[in-house]
Structure formats: structure tokens, C-alpha cells
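# Descriptive analysis of the structure
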Amino acid sequence: DSCARDPEKSRRLNVDSTIRVIDRLVEWKTPFTFTSSESVFNGLEGNYREDDPAHPILLYGAQKLEIETYLRDLECDCAVLRLGKVFGLSPTDEKLFGGWLKDIKAAKPIRCAEDQVFSPIHISDVIEGLRSSARKKLRGLYHLCGPKAYSRLELLNMFLDDVRRFRPVELEVQPCSIDDFPLLEKRPKDVSMCPDKFVRDTGIELQAPEAVSRAFAEAHFGTSDGNT
């Protein structure tokens, strides 16, 4: 929404400044990796592969695609990695598990979209993926995302099941549409991607959210006081 709220500022940052950096790297003949986004897709199909056409409906996605096109036309020495939904395990992380933690501990109702689907990837896998890309000297377009697709509601229910292994939790979950939230731009519904090409060319093993969810639940609910 910050991109849509200030299109000129976001363009200066996401397009103009990025192109200046790219041009300098090309001038220096320095290989590099550009991180793009699942947001280049309109979300009508899902399970997107690298050769599927990109049709962004978000301004942010359009800006990412503009850089992808610029790089393709340059034919420069680089890799483009489209990232899936990135999440971490910090309690201050507002994405997915970290974002739900405070409400679960407070037993507050959670509204959760059942129609937004993506391929979530843990931040540690993103870091290892970037390192692997550099080591393998990958070039061209790749999808770096989790190995499976999930809706937000599926992930929330998964996490609640794992929490209940350690604590009884009574919580009202209110399924809804992503369209029910007051967002400046409509969100694409299914931006799940297939990471097979990246896995094949790097040999990386990507974590499934199930293992991450269990570890996070145990860290915050597996002790007597709920603290790590």
C-alpha cells in the first residue's frame, strides 16, 4: 500500500534508483542478483513457473516487472530471483506466525483470509538461496519460494494445532476474503509459484512451513511461562 499511496516516491526508489545501481554494476562488469517478487503475477492461476506470463495488478509488482524487463533487454550478467511470501520467527515479525502470536496469547479473535494463496518461504531459506545462487553462478530467471502453496487460513489453523500441543487455546477464527480488508489496491488471490527450477540448479532443500510452525509453537508455548 505504501507504493500505491505515493507512486512517485516508490518509483524513485524501486525503479529509478535501482536502474542507476544496475547501470553502475554493468559498467563495472560485476555479476549481481536482483530480487523480484511473486507480485508480478495477477493471481488468477497459481503455481506459476518462470515461463508463465507476468501480469501484475499491484503497483509494486509492476515496478518489479519493469526492472525484470530492463535486465532482460540489457542481457547482463545477473540472476533474477522472484521471492515468495517471506516470513521469519521473531515475535516482532508481523508476517504470518509472528503476526498471529500476540493475538493468540491474548485470545483475541483473528480475521484471516481464506482466499489468498502463496508459497511461503522462511528468511533463512532466502539467505541460503541467495548464497547458493552466487556460488552456482546462476543466470536468468528463477522462483525462490516455499515448496508448497498454502492459504493464510491454512497456515493459521496449522499454527493453532501446533500451539494446542502445548497449551489449551480457545480462539475465535473469523474466515474472510482478502478483499474484505481496507487495502488501497486489490491483492492477487493466488501467487503460489513453483521452485523446481531453482531447486534443480542449486540442490537447496527448502523448509516446509509445518516444521517451522511446530518449532515456533514450541518456542513460545512449550515452557511453563510461555517464554523462550
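Residues numbered from 1 in each chain as written. Predicted model: local features only at pLDDT ≥ 70, side-chain atom pairs only at ≥ 80, totals over all residues. Heavy atoms only, no water.

### Quick word on the nonpolar core
Heads up, the rule is: To qualify as a nonpolar core, a set must consist of buried Ala, Val, Leu, Ile, Met, Phe, Trp, Tyr and Cys residues joined through side-chain atoms within 4.5 Å. Three exposure classes are used, based on accessible area relative to the maximum for each residue type with a 1.4 Å probe and protein chains only: buried under 20%, partly exposed in between, and exposed over 50%. Secondary structure is summarised from DSSP: a helix means a run of H or I of at least four residues, a strand means a run of E of at least two, and numbering begins at the N terminus for each. In what follows, residue pairs with any heavy atoms lying within 4.5 Å of each other are defined as contacts.
Core analysis: the biggest nonpolar cluster contains 31 residues, and Phe97, Trp100, Ile104, Leu155 and Phe159 have the highest contact counts within it. Listing elements by their share of this core, those giving two or more residues are α4 (97–105), β4 (110–113), α6 (152–163) and α8 (209–221). The biggest single contributor to this core is α6, with seven residues. Once you skip the residues sitting within four places of it in the chain, Phe97 turns out to touch Phe87, Leu155, Phe159, Pro209, Val212, Ser213 and Phe216.

### Concerning unusual backbone geometry
We note that Ala107 has phi near 55°; this positive angle belongs to a residue other than glycine. Of note, Ala107 is situated in the loop between α4 and β4. Positive phi values are uncommon outside glycine, yet Lys137 reaches one of about 55°. Its place among the elements puts Lys137 in the loop between α5 (123–136) and β7 (140–144). Lys137 sits in the exposed class, given a relative accessible area of 61%.

### Describing α5
Stated precisely, the cut-off is as follows: Each helix should span, by expectation, one fewer than its residue count multiplied by 1.5 Å. Starting at the helix axis, one direction is taken to each C-beta atom, and the arc is that of these directions.
A rise of 1.5 Å per residue sets the reference length of α5, with its 14 residues, at 20 Å; its end C-alpha atoms lie 20 Å apart and thus fit the reference within 8%. All of the buried residues along α5 are Asp125, Val126, Gly129, Ser132 and Ser133. The buried residues of α5 all sit within an arc of 125° when viewed along its axis, so they share a single face. Among the exposed residues of α5, those pointing more than 90 degrees away from its buried face are Arg131, Ala134 and Arg135. Structurally, α5 contributes buried residues whose contacts are with β1 (32–37), β2 (78–83), β3 (86–87), β6 (121–122), β7 and α7 (196–202). Where α5 terminates, the next one or two residues include Lys137, which has phi positive at roughly 55°.

### Concerning the sheet that holds β1
Put simply, the rule is: Pairing between two strands is assigned when DSSP locates at least 2 bridges connecting them. All axes are obtained by fitting lines to C-alpha atoms, using only the stretch in contact for helices, and the reported angles, taken between N-to-C directions, cover 0 to 180 degrees.
Pairing in this open sheet of three strands is parallel, and the strands run β1-β2-β7 from one edge to the other. Among the strands making up the open sheet, the edge pair consists of β1 and β7. Across the sheet, the mean angle from the axis of one strand to that of its neighbour is 25°, orientation sign disregarded. Of the strand pairs in this sheet, β2 and β7 are connected by five bridges, and their pairing is parallel. Note on β7: the bridge partner recorded for Leu81 is Tyr142.

### Describing the environment of Asp179
This is how the line gets drawn: Distance and chemistry together define a polar contact, namely a pair of N or O atoms within 3.5 Å, with one atom able to donate a hydrogen and the other to accept it when in protein, and with adjacent residues in sequence counting only for side-chain atoms on both sides.
In this fold, Asp179 is placed in the loop between β9 (173–176) and α7. Counting along the chain gives 16 residues from Asp179 to Val163, while the straight-line C-alpha distance between them is 28 Å. There is a polar contact of 3.1 Å between the side chain of Asp179 and the side chain of Lys189.

### A look at the state of the cysteines
Keep this limit in mind: Working definition: a disulfide is two cysteine sulfur atoms within 2.5 Å of each other.
Tallied over the entire structure, the rule returns zero disulfides. Cysteine Cys194 shares no disulfide, and the gap to the nearest cysteine sulfur, in Cys145, comes to 7.0 Å. You can call Cys194 buried: its relative accessible area is 6%.

### A word on the side chain of Ser151
Following the sequence through the fold, Ser151 ends up in strand β8 (residues 150–151). Residue class for Ser151 comes out buried when judged on its relative accessible area of 6%.

### Quick notes on the pattern of salt bridges
One side chain can pair with another of opposite charge once the charged atoms of both are near each other. Here is the rule we go by: The working definition used for a salt bridge is a side-chain nitrogen of Lys or Arg within 4 Å of a carboxyl oxygen of Asp or Glu.
If you walk through the whole model with that rule in mind, you get 15 salt bridges. Note that Asp201 and Arg200 form a salt bridge whose closest N and O atoms lie 2.8 Å from each other. The exposure class assigned to Arg200 is exposed, which follows from its relative accessible area of 60%. Through salt bridges with shared partners, one network takes in Asp115, Asp179, Lys186 and Lys189.

### Section: the packing of aromatic side chains
This is how the line gets drawn: Stacked, edge-to-face and tilted are the three classes for Phe, Tyr and Trp ring pairs, Trp counted by its six-membered ring, which pair at centre distances within 6.5 Å; planes under 30 degrees apart are stacked, over 60 edge-to-face, the rest tilted. Definition used: whenever NZ (Lys) or CZ (Arg) falls within 6 Å of the ring centre and also within 35 degrees of the ring normal, the charge is taken to sit over that ring.
Under the definition given, this model contains six aromatic pairs. Taking the centre distance of 3.9 Å and the plane angle of 5° together, the rings of Phe41 and Tyr48 count as stacked. Under the relative-accessibility criterion, Phe41 is labelled buried at 0%. The class of Tyr48 is buried, set by a relative accessible area of 3%. On the numbers, 5.6 Å between centres and 25° between planes, the contact of Phe159 with Phe216 is stacked. Within this pair, whereas Phe159 is found in helix α6, its partner Phe216 is found in helix α8, the two being separated by 57 residues in sequence. Of the residues examined, Phe159 reaches a relative accessible area of 0% and is grouped as buried. Three or more aromatic residues link up through ring pairs in this structure, and these residues are Phe87, Phe97, Trp100, Phe159 and Phe216. When the ring centre of Phe221 is taken as origin, the NZ or CZ atom of Lys105, which lies over that ring, is 5.7 Å away. Directly above the aromatic system of Tyr142 lies the positively charged group of Lys197, at a separation of 4.4 Å from the ring centroid.

In short, the description is geometric, and any link to function would need to be established separately.
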